[in-house]
Amino acid sequence: GKGKFLMEMASKYPEVNFIGIEMYSSVLLRALQKMDRLKREGNAPENVRFMCMDARNLKEVFAPGEVDRIYLNFSDPWPKDRHAKRRLPSRQFLALYDVILKKEGRLEFKTDNRGLFDFAVEELAPAGWKAEVITYDLHGDEELCRGNVMTEYEEKFSSKGNPICKYVIYR
């Protein structure tokens, strides 16, 4: 994404390393520009790195069990049925995440797209994942919203009154 979520998380948790992965260089460029601006201001977190890559290649970059947590924020919904395998919360991608995520690791997914979220929830059981938390209105849930770091898209969509869906899953 554009880097807001990642940089806020990195500032909030300086003992944790964060890696932002974006497939499109034009989007990644905006995150890099934001990081550059923060560096000039002396506020850039030191625990952030960015990678321009296709998530289908995660196993080539990360060792089995190397990742503690995965955040999927407002990913492309790929609305056509024939593109379902490209959706980041699909069972195909869940199988990839299963390899790189630590045994006790968690995956968090947020979106305002109800169709994509319903699809993502339906993919859990066939992929062997379980939900720790599911909400169809993140900002209406005081407990889940506590500590929530918003993305640019989350701010935009929630300001229009769109409910934000979120789950936290594990294997």
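Refer to the preceding data block for the structure.
Note that the coordinates shown come from a computational prediction; the quantities given were computed from them, not determined experimentally. (Residues numbered from 1 in each chain as written. Predicted model: local features only at pLDDT ≥ 70, side-chain atom pairs only at ≥ 80, totals over all residues. Heavy atoms only, no water.)

Some words on the packing of aromatic side chains
Condition: Centres within 6.5 Å are what make two rings of Phe, Tyr or Trp a pair, Trp counting through its six-membered ring; a difference in plane orientation under 30 degrees is then read as stacked, over 60 as edge-to-face, and the rest as tilted. Each helix is a run of H or I in the DSSP string that is no shorter than four residues. Each strand is a run of E no shorter than two, and both are numbered from the N terminus. When accessible area is computed with a 1.4 Å probe and restricted to protein chains, residues below 20% of their type maximum are described as buried, those above 50% as exposed, and intermediate ones as partly exposed.
Under the defined criterion, the tally for this structure stands at 8 aromatic pairs. Look at Phe 74 and Phe 157: their rings are 6.1 Å apart centre to centre, the planes differ by 35 degrees, and that puts the pair in the tilted class. Pair noted here: Phe 74 is in the loop between β3 (67-73) and α4 (91-100) and Phe 157 is in helix α7 (residues 152-159), with a separation of 83 residues, a long-range link. The exposure classification of Phe 74 matches that of Phe 157, with both residues buried. Judged by centre distance (6.0 Å) and plane angle (15 degrees), the rings of Phe 109 and Phe 117 are stacked. Phe 117 shares its class with Phe 109; the two are buried. Counting every residue linked through ring pairs, the aromatic cluster contains Phe 109, Phe 117, Tyr 136 and Tyr 167.

Points about the pairing of strand β1 (residues 18-22)
Which entries qualify depends on this criterion: Strand pairing requires that DSSP identify at least two bridges connecting the strands. Every crossover in which the path from the first strand over the helix to the second runs clockwise, viewed with the strands pointing away from the viewer, is termed right-handed.
Side chains Phe 18, Gly 20 and Glu 22 of β1 all project onto a buried face; the interleaved residues Ile 19 and Ile 21 project onto a face where none is buried. In the sheet, β1 pairs with strand β2 (residues 48-52) via 5 bridges, with the strands oriented parallel. Directly across from Glu 22, in β2, lies its bridge partner Cys 52. You can see the chain leave β1, run along helix α2 (residues 25-41) and come back into β2, and the turn it takes is right-handed.

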